[in-house]
Each structure stands twice: as structure tokens, then as C-alpha cells.
Amino acid sequence: MSTAAPPQKAPPPRERTGGRLSNGAFALLLTAPGLALFAAIIFYPLLSALFTGFFRQDLRLAGREFVGLDNFAYWLDGDFLTILEQTLVFTVGATLVPFVIGFALALALNTGLKGSGFLRGLFLFPWVIPGVVVSFLWMWIFNANYGVLNGVLMKAGFIEESVAWLGQPGTAMLAVIVTKTWASFPWMMVMLLAGLQTVPRELHEAASMDGAGSIRRFFAVTWPQVRGVASIVLLLEFIWNFQHFDTIYVLTGGGPAGTTETFATAVYQTAFKGFDIGRATALGGLWMLLLLLLVAVYLRITERKGDA
């Protein structure tokens with residue numbers, strides 16, 4: 001007696017993989033336009049500028065001459081430390097002073113002061129004005145002949161004759177820092193106020209019940225809660241001031257006698273007034289290395305805050 005063979009199962013259909021991209025390839029395809037744009041407008045010009053630092057090149061003449069590390073040695077053996085010191089003086093002053101003012105105002109506004117919404121908007125006014133406009137405004141205020149500051153101080157009896165605030169080495173840097181402080185304290189105030197508003201009021205109430213005064217509550221409750229925000233605000237402002245240009249250039253141009261010259265103004269003066277593009281890019285390369293160190297510190301702090 002013959003038995004029929006059992007029916008064979010059809011093999012499962014094969015998956016078509018010929019026209020399908022992997023996740024990595026698809027992600028690369030999506031980011032390719034952005035990477036190409038980044039390379040075209042940032043990466044290539046950056047490498048080209050750094051490469052120019054190894055040449056002697058005058059903007060008024062055709063061609064260039066390879067000089068190796070001579071341009072870097074010119075700065076390191078010359079004015080580099082002076083420019084670095086003056087850059088740090090401006091950066092530290094224009095960071096700490098507005099931070100203190102912004103923090104004080106943020107603490108005041110966080111207490112529920114009457115009209116705090118109006119005051120917050122009023123304090124933001126200097127921040128929304130373009131930097132060049134702010135610089136011209138304060139240049140008129142500091143003017144030795146018709147400046148408002150001299151007029152007020154003379155009427156109040158603090159000075160007997162007009163002071164050339166922007167023309168004296170002893171006061172020029174102070175005037176620049178004051179101008180930058182007026183322009184930058186509002187955003188620091190807003191950021192710190194946002195951090196203060198995240199502090200639970202229950203912590204302050206508990207500290208008050210334990211007999212803690214306002215100063216003790218600040219250091220025991222408020223500061224630990226906003227320390228992360230404050231460190232980010234300080235570091236960001238420090239980085240921005242380390243590369244700041246418009247206020248210094250409009251007010252003093254790096255003078256008098258180079259006493260307010262920073263990396264930003266020195267690179268500009270060397271390239272576009274001295275026409276020495278090689279030395280300008282060499283100084284810019286050294287400046288960029290210092291900025292990269294600051295950025296590395298910023299990234300480290302943000303990573304720690306994210307892991308906390």
C-alpha cells in the first residue's frame with residue numbers, strides 16, 4: 001500500500017536588503033548637508049587661517065613667504081604676555097562686576113518686590129541695545145569736553161577739571177569695563193533670577209524656623225541651590241568677554257598707548273592696519289588655543305552638572 005509523501009513547507013520569503021540603508025548610513029546621509037556646510041564655511045577657513053600663520057604675508061603685496069614658526073615667536077618673545085594680561089584684566093572685571101550687580105538685583109526681584117515685573121523689563125533695556133550703540137553712548141558720557149560724567153562730578157565737587165577718561169592709561173580700562181558691565185548685567189540678572197526661582201521656599205521657611213538669618217540662609221540654602229547656574233553664567237560671560245571686540249574698539253581702539261589692547265583688537269590692528277596677515281593669524285591661533293581651554297572647562301562643568 002503506497003503512502004503519499006507529506007507536503008513540503010514552502011521556504012520563508014527572503015527579506016529584501018538590497019535597497020535598504022543601515023541606521024548609521026541613513027544618519028550620515030541626513031547630516032551630510034550640514035557637515036558639508038560646516039566644512040565649507042568654518043572648517044576650511046579655520047585651517048586656511050592657521051596655515052597662513054606660518055607665512056609672511058602682506059595684504060598690500062602679492063604672494064607670501066614661508067617662515068615657519070617665526071610669526072608665533074614674534075608674539076611669544078614680544079607683547080603676548082602684555083596682551084594676555086590686559087585681556088584678563090578686562091575679562092575678569094567685565095565678568096565679576098556685572099555678576100555681582102546682576103545677582104544683587106536678582107535677589108531683590110526674587111523677594112516679590114512690588115513692581116518687580118516692570119523693573120525686570122526696565123533692567124533688560126541695556127541688554128537689547130546693540131553693542132556698538134552702547135559703546136557710542138558711553139563714549140559721549142566719558143567725553144572730556146562735553147561728557148555728562150565730568151559735568152555731574154564737577155557740579156558735585158568731586159573733581160575740579162574735566163578728566164579724559166578714555167585718554168588716560170589709568171582710567172581707560174576702567175571706563176571700558178564700566179561700559180561692558182552696563183550692557184551685560186541684565187542677562188546675568190535674568191539667568192540668576194531663573195535659578196533663584198527654582199529654590200523651594202520650604203527650605204527657606206525651615207531655615208527661618210531654625211533661627212537662621214538672611215545671610216545664613218543665603219549661604220546655607222540659596223547659594224548651594226544656584227551654584228551650578230552661577231558657575232555656568234560666570235564661565236559663559238568669561239568666554240564671551242575673552243573674545244570681546246566692539247566695546248573696546250569703539251571706545252579706545254586699544255589705546256591709549258596700547259593699555260586697553262586685547263587679543264581681539266590686536267588681531268584686528270595687525271591685520272587691517274598693519275596689513276601683516278601672517279602675524280595676525282599667528283596671534284589668532286594662540287588666542288584660539290586659550291579659548292579652547294576655556295571651552296573644555298565649560299564642557300567639563302556642564303557634564304558634571306548633567307551627571308549630578
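Residues numbered from 1 in each chain as written. Predicted model: local features only at pLDDT ≥ 70, side-chain atom pairs only at ≥ 80, totals over all residues. Heavy atoms only, no water.

## Examining the side chain of T171
Piece 1. Topologically, T171 is positioned in helix 8 (residues 169–196).
Piece 2. A distance of 2.7 Å separates the side chain of T171 from the backbone oxygen of W165, its partner in a polar contact.
Piece 3. Apart from residues no more than four positions distant in its own chain, T171 is found in contact with A164 and W165. (Helix = DSSP H or I, 4+ residues; strand = E, 2+ residues; numbered from the N terminus. Polar contact = N/O pair within 3.5 Å; in protein donor to acceptor, adjacent residues only side chain to side chain. Contact = heavy atoms within 4.5 Å.)

## Overview of the environment of L76
Piece 1. The topology assignment puts L76 in helix 2 (residues 70–76).
Piece 2. Note: C-alpha distance between L76 and L283 (207 residues apart in sequence) is 9.1 Å.

## As for the UniProt feature "transmembrane region" (unreviewed entry) in the protein chain
Piece 1. In this structure's numbering, the residues bearing the UniProt feature "transmembrane region" (unreviewed entry) are residues 21–47, 88–109, 121–141, 172–196, 217–240 and 280–299.
Piece 2. The span residues 88–109 shows a helical share of 100% and a strand share of 0%, and its end C-alpha atoms are spaced 31 Å apart.
Piece 3. The annotated region residues 172–196 carries 100% helix and 0% strand content, and the separation between its end C-alpha atoms amounts to 35 Å. (UniProt positions renumbered as here; feature names shortened; annotations may be inferred.)

## With respect to the UniProt feature "domain: ABC transmembrane type-1" (unreviewed entry) in the protein chain
Piece 1. Residues given the UniProt feature "domain: ABC transmembrane type-1" (unreviewed entry) here are residues 84–298.
Piece 2. For the annotated span residues 84–298, helix accounts for 76% and strand for 0% of the residues, and the straight-line distance between the end C-alpha atoms is 20 Å.

## Re the nonpolar core
Here is a general trend for soluble globular proteins: nonpolar side chains tend to be buried in one another's company.
Piece 1. One finds W75, F80, F242, F263, L283 and W287 to be the most contacted residues of the largest nonpolar core, which totals 22 residues.
Piece 2. Of all elements in the fold, only helix 2, helix 3 (80–110), helix 10 (214–242), helix 12 (263–273) and helix 13 (277–307) reach the threshold of two or more residues within this core.
Piece 3. The element contributing the most residues to this core is helix 13, with eight residues. (Core = buried A, V, L, I, M, F, W, Y, C linked by side-chain atoms within 4.5 Å. Buried < 20%, exposed > 50% of the residue type's maximum accessible area, 1.4 Å probe, protein only.)

## With respect to the environment of F55
Piece 1. Tracing the sequence through the fold places F55 in strand 1 (residues 55–56).
Piece 2. Overall, the relative accessible area of 12% leaves F55 in the buried class.
Piece 3. For the pair formed by F55 and I277, sequence separation is 222 residues and the distance between their alpha carbons is 8.8 Å.
Piece 4. In contact with F55, other than residues within four places in its own chain, are R64, E65, F66, V67, N71 and G278.

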